[in-house]
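# Summary of the model geometry
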Amino acid sequence: MTAEPSSPLNGIRAVLFDLDGTLIDAVESHYRVFSRVLAAFDVRLDQLIFKRHYSPNWYQFYKRVGIPETRWPEADQLWLRYYAAEAPAMRDGADEALASVRASGRALGLITAGDRSRVERDLRRMNWESLFDVVVCAGDVAERKPHPAPLVHGLIRLEVPPAAAAYIGDTVEDVEMGKAAGVTTLVVLGGFSSRDALEATGPGGLLKSLRDLVELLQG
């Protein structure tokens, strides 16, 4: 008899999530917002350029498309202004996945590159503002994804070691951050990074949707 494969979440005491592209379906919203921001700097953005250069680290994205570093603060302010008109929906299965983490008795965290004021707005829209045990946003630590510092900061606050934690994201940078921090890293397809790019980084597992995570949590 062949033994059933063990779940990658066996022994996991904390599950932490990315926000944009993972829990909320933000790809099209971000494309629209970045198109407007870059237009203010006379930089044209199309879908191909966006997919090629996108990074959850905005400053890496600005650098790749040619925005001078001296104007990054201006670009940030424009981004927040334009995003205020956006209201991306939650991804399929997001509510169930978050509820399943809670029901399993594991700690629940959010590690995002988003500005805190914007993130808190999105959490209120989704009725998730009181759900997470820890929320780490841009500026809470000096480093940004894919540096492991944001994730390590969240784990320290939860008092959970990396070997007992899992991070759920949707980008190459999420995988790189998770692996550098020493956590189990799973990725949800259909976000900002392609399947080929994600597979090349060697995540701990690929999820077709967040509903797959619910099954792992119950396994």
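The following paragraphs examine the structure supplied in this document. A quick note: this is a predicted structure, and the numbers were derived from the prediction, not measured.

Taking 1.5 Å of rise per residue, 12 residues should cover 16 Å, and helix α4 (residues 72-83) covers 16 Å from first to last C-alpha, within 8% of that figure. Looking at α4, one finds that the buried residues are Trp72, Ala75, Asp76, Leu78, Trp79, Tyr82 and Tyr83. For α4, the angular spread of buried residues about the axis comes to 165°, placing them on one side. Summarising the geometry of α4, the exposed residues directed more than 90 degrees from the buried face are Pro73, Gln77 and Arg81. Of the surrounding secondary structure, the elements contacted by the buried residues of α4 are α1 (27-39), α3 (58-65) and α6 (116-125).

Among the secondary structure elements, Lys145 is positioned in the loop between β3 (134-136) and α7 (149-158). Classification of Lys145 as buried rests on a relative accessible area of 3%. Looking at Lys145, its side chain comes within polar contact range of the side chain of Asp174, at 2.7 Å. With sequence-adjacent residues up to four places away left out, Lys145 is seen in contact with Asp18, Pro56, Asn57, Ile111, Ala113, Pro150, Tyr167, Glu173, Asp174 and Met177.

What follows is about the packing of aromatic side chains. Across all of its chains, the model carries 17 aromatic pairs by this definition. Aromatic side chains Phe50 and Phe61 sit 6.1 Å apart centroid to centroid with 85° between the ring planes, which places their arrangement in the edge-to-face category. Residue Phe50 is located in helix α2 (residues 47-53), and its partner Phe61 is located in helix α3; the two are separated by 11 residues in the primary sequence. Classification of Phe50 as buried rests on a relative accessible area of 2%.

Rules and cut-offs
Residues numbered from 1 in each chain as written. Predicted model: local features only at pLDDT ≥ 70, side-chain atom pairs only at ≥ 80, totals over all residues. Heavy atoms only, no water. Helix = DSSP H or I, 4+ residues; strand = E, 2+ residues; numbered from the N terminus. Expected span 1.5 Å × (residues − 1). Buried < 20%, exposed > 50% of the residue type's maximum accessible area, 1.4 Å probe, protein only. Arc of directions from axis to C-beta. Contact = heavy atoms within 4.5 Å. Polar contact = N/O pair within 3.5 Å; in protein donor to acceptor, adjacent residues only side chain to side chain. Phe/Tyr/Trp six-rings, centres within 6.5 Å; stacked < 30°, edge-to-face > 60°.

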